[in-house]
Every structure is written in structure tokens, then in C-alpha cells.
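Here is what each chain is made of, one letter per residue.
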Amino acid sequence: MPPVQLAPDVVAFYTEQSAFTDPGDLTPLYAGLPRDPAQLARVARDLMIHRGEGGTFGHTVARQRLHDDAETRYLDDILRLVVERNDAPLSHRREPGDRFVGVCRDFSLLHCSLLRHFGVPARLRSGFAAYFGENGFHCDHVVTEYWDPERGWLFAGAQLTEPLVADAWSIDFDPMDVPRDRFLVAGKAWRAVRAGEADPGTFGLHPPEDGPLNGEWFVAGNVRLDLAALNKVETLLWDVWGTETEAGQDLVDPVRELYDEVAPVVGDEVRFTAARELFAGREGLRTPRTVLSLAPYNGPREVTLR
């Protein structure tokens, strides 16, 4: 038995697809796939390649795909690109040139969609991985959190189920059970930074010597993204709204105090009702219909969500 029985309303919420994970009219593509979470993680892995993995696979990613694929917010649109490039069943491992070119969020989005389809409660979690390198930096990352009926909520890194990738990063743990001290959810990272237990400069997209995409403001932004994902609004990682601060800018105290309130709700243990109420009730946290997308390659633009 799991340490705590999952409440029926939580089960219902996290087994229903969101606007972002719903395969829509491509749902028939899921027919015949395995139901095992680990096998589904490998299905997701074998349909995608990360923007930064070309060298690992000995493949040169086409410029247009490098720039445009990961701007695809919705799973049905991702699947359309996959089957346009190769119309084999989803269980068929694609060659790198036939894959969707995404980021960590996309592996997790597809894995989450597959799990929900087969009745496994699943959600995306935004936070920071300590396993991409050995320099003490915690890299911006997204994993799937799924419910195991015997062990409770577990983190899964579908991206790491490819041996080439696991070997490249010297991964020494089960990708279907990522240790919670190796992947820190954003709320946990925020509390460590605020308590003076962690250097904010060690959290972000890259270390301080490589630019401003790290620090307290970045951790706060990930708390906002994680709260949204826990409410099944699984946006792109560069979609910004509400309390978002410009890169490298200091936060003002009212914003710090807001995230001090949010962080304990979205830690390793998620207070489901409180997370739902915070997201619905705070304008600075709730995702509006139109967001500003700071696309890494294509530049900023306003996007109206479905």
C-alpha cells in the first residue's frame, strides 16, 4: 500500500487530459501501446530528440526544426508532426531525422499524456536537475510525476531512458524513480534559497558566468510554472505572465512574499486543494488567456492559448 491513499478527486483530476496533453483526434494512435509507465516513457523517448542532443546521436538537426518544433504547445500538434515525418505506429522507434525536436518539457508532456490515457495519475513538475554535469549547478528541467500504487508519487525522466543519453550524463539512478535530492521541485529550491541554504546563482538555465539566466528571479519563475502545471496548464517554459521579472532583475518584496506563500504548497508533497485555490484566486499566478512567449530562437511574441 502507498504511504497515503490518493484521494478520488486527485485521481480524477490527474487522469483527465488537459488542453495541452489531449491527443484529440489522434487518440487512436495510442491503441495497442503498452500500459506500463516505464514502457510508455520509452515510447515518448523514441519519438523525440532534444534540441541539444544532435551530437549525442551523431545527427545534425535541421535549422527550422531546431527553431520551430519546440514552440509547439499542444500534444495533438506534436503528434501531427511526428506522424507527418514517419507514419509508423507510435511504438516504432524513429531515426533521429524523423523525430520531433523538443526540450525536456516535451518528453514529459507526451509521457504524461500517455499515462493519463491509460488511467495513471500524472502531472508535469518544473524544477532543477543536479545530474546534468558535476559543477554543482542545478539546471532548469521538467519531469513527469506519476502515481505508483505501491510507492506513491514518483518522478520519471523519460528523456533519460535512452542509454546514449544516460551514459552521456553518467546517470546512476532509475529514470522512472528520479531521486528527490537530484531533482528539486521549484518550490523546494525556492525555500532553500530563501533560507540561505542554497546559492540562487546555482539555479537556472546556465551558470552565472554564461549570462543572466539564473538566480532568484529564475527560481520564482519556475515556481509559477510548476503551480500552473499542477493545475494542468502545461505551458512552454518561456511563456511568461503575471509576476514574471525580467532576466537578472531583483525581485521586490511583495513578489518574494507571494512565492514564500506558494512554495510550501508545491513542494515534494503537493497540497492539492491549496494549489488549486492559489492558482484560481491570484491574478499574478493564474495563467491568462494571452501570454508573452520569449521564444529562444524566434523572439518574443504574444500568444493566445486555447
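Scroll up a little and you will see the structure.
Residues numbered from 1 in each chain as written. Predicted model: local features only at pLDDT ≥ 70, side-chain atom pairs only at ≥ 80, totals over all residues. Heavy atoms only, no water.

**Q** So what exactly am I meant to see when it comes to helix α9 (residues 216-230) here?
**A** Since there are 3.6 residues in each turn of an α-helix, residues three or four apart along the chain are aligned in direction. Its 15 residues give α9 an end-to-end C-alpha distance of 21 Å, which sits within 8% of 21 Å, the value for a rise of 1.5 Å per residue. With 15 of its 15 residues buried, α9 lies for the most part within the structure. Positive phi shows up at Lys-232, right after α9, with a value of about 65°. (Helix = DSSP H or I, 4+ residues; strand = E, 2+ residues; numbered from the N terminus. Expected span 1.5 Å × (residues − 1). Buried < 20%, exposed > 50% of the residue type's maximum accessible area, 1.4 Å probe, protein only.)

**Q** Honestly, the packing of helix α5 (residues 75-85) against helix α6 (residues 104-117) in this entry has me stumped. Any pointers?
**A** Where α5 contacts α6, the two axes come as close as 11 Å, and the packing angle between them is 100°. Classified by the angle their axes make, α5 and α6 are roughly perpendicular. Contacts from Leu-75, Ile-78 and Leu-79 of α5 reach α6 at Asp-106, Leu-109, Leu-110 and Ser-113. (Axes fitted to C-alpha atoms, helices over the stretch in contact; angles between N-to-C directions. Parallel < 35°, antiparallel > 145°, perpendicular 65-115°, else oblique. Contact = heavy atoms within 4.5 Å.)

**Q** Please explain the sheet that holds strand β10 (residues 299-304) as it appears in this structure.
**A** Each strand in a sheet pairs with its neighbour through backbone hydrogen bonds, running either in the same direction (parallel) or in the opposite one (antiparallel). Strand order in the open sheet formed by three strands is β8-β9-β10, with antiparallel pairing between adjacent strands. One side of each edge strand has no neighbouring strand; the edge strands of this open sheet are β8 (239-240) and β10. Here β8 pairs with strand β9 (residues 290-295) via two bridges, running antiparallel. When the bridges of β9 are listed, Asp-239 appears paired with Ser-293. (Pairing = 2+ DSSP bridges.)

**Q** Can you help me understand the nonpolar core in this one?
**A** The nonpolar side chains of soluble globular proteins are, as a tendency, buried together. Residues Leu-110 and Val-262 are the most contacted members of the largest nonpolar core, which totals 85 residues. Look past the residues within four positions of Val-262 in its chain and what remains in contact with it is Val-223, Leu-227, Leu-278 and Leu-285. Core analysis: the second largest hydrophobic core is formed by 20 residues, Tyr-131, Phe-155, Val-178 and Phe-183 among them. (Core = buried A, V, L, I, M, F, W, Y, C linked by side-chain atoms within 4.5 Å.)

**Q** What should I look at first to understand the pairing of β10 in this one?
**A** Successive side chains on a regular strand alternate, one facing one side of the sheet and the next facing the other. Sheet topology note: the β9/β10 ladder contains six bridges and is antiparallel. If you follow Leu-292 over to β10, its bridge partner there is Glu-302. Between β9 and the antiparallel strand that follows it, β10, lie three residues.

**Q** Please explain empty space enclosed by the protein as it appears in this structure.
**A** A probe matching the size of a water molecule, rolled over the atoms, marks out where space remains unfilled. Overall, the coordinates contain two cavities of 30 Å³ or more when judged by the stated rule. Estimated volume of the largest cavity: approximately 60 Å³. Looking at the largest cavity, the residues that line it are Arg-105, Leu-124, Ser-126, Val-142, Leu-225, Ala-229, Val-233, Glu-234, Thr-235 and Leu-237. If you list the elements that add at least two residues to the lining of the largest cavity, you get β3 (122-129) and α9. For the lining of the largest cavity, the residue count by class is six nonpolar, two polar and two charged. Volume-wise, the second largest cavity comes out at about 40 Å³. Surrounding the second largest cavity, Trp-217, Ala-220, Gly-221, Arg-224, Thr-243, Glu-244, Thr-245, Leu-251 and Tyr-259 form its lining. Element by element, the count of residues in the lining of the second largest cavity is highest for α9, at four residues. Grouping the amino acids of the lining of the second largest cavity by side-chain chemistry returns four nonpolar, three polar and two charged. (1 Å grid on protein atoms, 1.4 Å probe; cavity = no way out; pocket = protein on both sides within 12 Å on 5 of 7 lines; lining within 4 Å. Points joined across faces, edges and corners; volume = space filled by probe spheres on them. Nonpolar A, V, L, I, M, F, W, Y, C, P; charged D, E, K, R; others polar.)

Keep in mind that these numbers describe shape and distance, not what the molecule does.
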